[in-house]
Structure formats: C-alpha cells, structure tokens
Amino acid sequence: MKRRTFVKNLSLSAGLVMASSVIPAACQGTEKTNFELLDLHVHTTDKFTIENILEIGKKNQVKFGVVDHPISWALKDDNDLKNYIEKLRKYPVYIGLQPTYLGWSKNYSKELLAQVDYILMDPQMVPMGNGDTWRIWEFDTYIDDTEDFMKRYMDYSMEVLTKEPINIFGWPLFLPVCISRDYYKLWTEDRMQQIITAAKARNIAIEINDMSHTPHEEFILKAKAQGLKFTFGSDSRNNNVGRLAYCKRIAEKCNLTAADFYVPVKKG
Ligand SMILES: [Zn+2]
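The paragraphs below set out a description of the structure included in this document. (Residues numbered from 1 in each chain as written. Predicted model: local features only at pLDDT ≥ 70, side-chain atom pairs only at ≥ 80, totals over all residues. Heavy atoms only, no water.)

Looking at the zinc ion, the protein donor atoms are H41 (NE2), H43 (NE2), Q98 (OE1) and D235 (OD), and they sit 2.1 to 2.5 Å from it. Taken together, the four donor atoms coordinating the zinc ion span angles of 81 to 173 degrees at the metal, a pattern that classifies the geometry as irregular. Summarised as a motif, the one-chain spacing of the donors to the zinc ion is H-x1-H-x54-Q-x136-D. One end of the pair, H41, is in strand β1 (residues 38-42); the other, D235, is in the loop between β9 (230-233) and α9 (245-253), with 194 residues separating them in the sequence. The exposure class assigned to H41 is buried, which follows from its relative accessible area of 0%. Residue D235 is classed as buried on the basis of its relative accessible area of 10%. (Donors = N, O, S within 2.8 Å, 3.2 Å for Na, K, Ca; no water. Tetrahedral: all angles 85-135°; square planar, octahedral: opposite > 155°, others 65-115°. Helix = DSSP H or I, 4+ residues; strand = E, 2+ residues; numbered from the N terminus. Buried < 20%, exposed > 50% of the residue type's maximum accessible area, 1.4 Å probe, protein only.)

Now the structure itself:
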C-alpha cells in the first residue's frame, strides 16, 4: 500500500470511529434493553441490609433475589430457614438459597424448602479426591495438574447438575486464577456440551456472573440455541448489587430477550 493511500484509509477509519462514538451519546436516555433487570444473586450482611438493596433497586430500576447459605454457620436448621423466609416475605424480592455442598437438602424439611422461590448452586467447592477441597474462588488456589483438576471439576459440576434440587447453576465456567489465562483452551466443545446437556435435562438456568465475567459469548449462544434460560448474578453484598455491566453487555451481544431468562415464581 502506498503511503498516501494508507493515510487516506487511516483518516477514513478515524472518521468512522468518531462518527460511531457519537451515536451512544446521542441516544442517551433512550437506552433500552430487551429484558427486565433482575439480579438473582445478592447477599445481605449486618451492614448491607435488605433496605439498602431495595433503595438501590428503586434508584436503578433493578429487581432482586436474595440468597443465603443453608449451612452450619448461616441457616443451620429448619428454624433458621423459617425465620429467613418470614423476614424476607415482607419485601418485594425473590427469596433464594445458595447451598454449597452436596446432599445439603436432607437437613431441612421438604415443606420449608418448597416455600423458597429458587435455589442457586455453584460448583466452587471441588473435591480433590483425598478428602481435601479446592475453594476455587480463593485467589491462592493451587493447581499442580490442570487436566486432573479439570476432570475433577467437571465430575463435581455433573454431581451438582444431575443430583441437586436447583433452579440455577451459578458461577458457570469460572476457573481458579492460576489457570484462568487458559480459559478458551480449557473450555472445550466437549466440556461445554456436557454442562449444557446436563442443565437442559433438568431445566436448570445458567447464571451470567457479573463478578467473574463468565460464561463467555460462545457458551451463551450454544446454550441459547439448545433452549437454556439465563439469569444475572452479581454475587455482591455491597453497592455493586444490580450494576450488572458484564451481564448487560454480553446479553445484548448475544441478543438475549425476556424469553431467554428464567424468572422464579414467588411462593408467597
Ligand atoms: Zn453467593
């Protein structure tokens, strides 16, 4: 290419960039999504209360589902679960649970579990096979053999997807920090399809996780083509609830519409 042609092309493309960067500004205030904003992965704390969440929801026009953990250090028994449901029923939010270990539901009465609007579970506590557990959200998670980890991670994901009474698969395709640079290589067609097939068989929705920016476009399109539904989740317990920047962006890129989302049914 001659220099003059090069310069001409350059200024042409620069002009295009400028023109297109003006468009979003011109459309400000008319931004519309094809779906309602619903963050189904929100936690409360002593300092970040349900009132704080509702205030943010009102300001930013986002709806919420609140989750807590059915485990010894949180909702330890039926009594805790009953109080949790009764407390939240007064508010305009969906009431959810986020179990963290296999077989948890045996420790609660069926009648009470039936009053919860939805159950979200992720596969982040991966058994190492020697009695220990990888807690893969932790920054210093140590993986010495990536293929061995992926096999155990897939096995555990399949246990969650095939056996647990859940509506939403959380943190899908998330990888520990030390191997996350290989994300596109490790999430092979075969592994992605296994997850989609298992979720589809039990109508389990896929969380688009705003904290980890997973799953990616290719997985979402593949899952959508096979009829899976999605949810948005910030997994936040602070002012980040309902921000959902990644969720909104990737959902629009994948042309998700209201019909592609799972919305829980309120039980009370
Ligand atoms: Zn959570």
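Picking up after the structure, the text goes on.
The final tally for this structure, using the stated rule, is nine aromatic pairs. Seen in terms of ring centroids, W134 and F149 are 5.1 Å apart; in terms of plane orientation they differ by 85 degrees. Their pairing is edge-to-face. Note that W134 is positioned in strand β6 (residues 133-135) and F149 in helix α5 (residues 146-163), a separation of 15 residues in sequence. Like F149, W134 is buried. Pairwise contacts between aromatic rings join W134, F149, Y153 and W187 into one cluster. (Phe/Tyr/Trp six-rings, centres within 6.5 Å; stacked < 30°, edge-to-face > 60°.)

We now examine the layout of surface pockets. Over the atoms a probe the size of a water molecule is rolled, and this reveals where empty space is left. Taken as a whole, the largest pocket encloses approximately 370 Å³ of empty space. As for the largest pocket, its lining consists of 16 residues, and the residues nearest its centre are H69, Q98, T100, Q124 and W137. (1 Å grid on protein atoms, 1.4 Å probe; cavity = no way out; pocket = protein on both sides within 12 Å on 5 of 7 lines; lining within 4 Å. Points joined across faces, edges and corners; volume = space filled by probe spheres on them.)

Attention shifts here to the pairing of strand β8 (residues 205-209). The two faces of the sheet receive side chains in turn, since in a regular strand these alternate between them. Buried residues dominate β8, accounting for five of its five residues. Side chains A205, E207 and N209 of β8 all project onto a buried face; the interleaved residues I206 and I208 project onto the opposite face, where all are buried too. Bridge count for strand β7 (residues 168-169) against β8 is two bridges, and the pairing is parallel. Of the residues in β8, the one forming a bridge with I168 is A205. Each parallel crossover has a hand, and the one from β8 via helix α8 (residues 217-225) to β9 is right-handed. (Pairing = 2+ DSSP bridges. Right-handed = clockwise from strand over helix to strand, strands pointing away.)

Applying the stated criterion across every chain yields a total of 13 salt bridges. Between E189 and K222 there is a salt bridge, and its shortest N-O distance comes to 2.7 Å. Taken as a pair, E189 in helix α7 (residues 189-201) and K222 in helix α8 lie far apart in primary sequence, 33 residues in all. The class of K222 is buried, set by a relative accessible area of 18%. A salt bridge links K253 to E217, with the nearest nitrogen and oxygen atoms 3.2 Å apart. Here K253, found in helix α9, pairs with E217, found in helix α8; they are 36 residues apart in sequence, far enough to count as distant. (Salt bridge = Lys/Arg side-chain N within 4 Å of Asp/Glu carboxyl O.)

Moving on, we come to the packing of α7 against α8. It is the contact of α7 with α8, at a shortest axis distance of 10 Å, that shows an interaxial angle of 45 degrees. With respect to α8, the axis of α7 lies oblique. Classified by chirality, the crossing of α8 by α7 is right-handed. Listed contacts from α8 to E189, M192, Q193, I195 and I196 of α7 are E218, F219, K222 and A223. Residue classes in the contact of α7 with α8 are distributed as five nonpolar, one polar and three charged. (Axes fitted to C-alpha atoms, helices over the stretch in contact; angles between N-to-C directions. Parallel < 35°, antiparallel > 145°, perpendicular 65-115°, else oblique. Left-handed = near helix turned anticlockwise from the far one by under 90°. Contact = heavy atoms within 4.5 Å. Nonpolar A, V, L, I, M, F, W, Y, C, P; charged D, E, K, R; others polar.)

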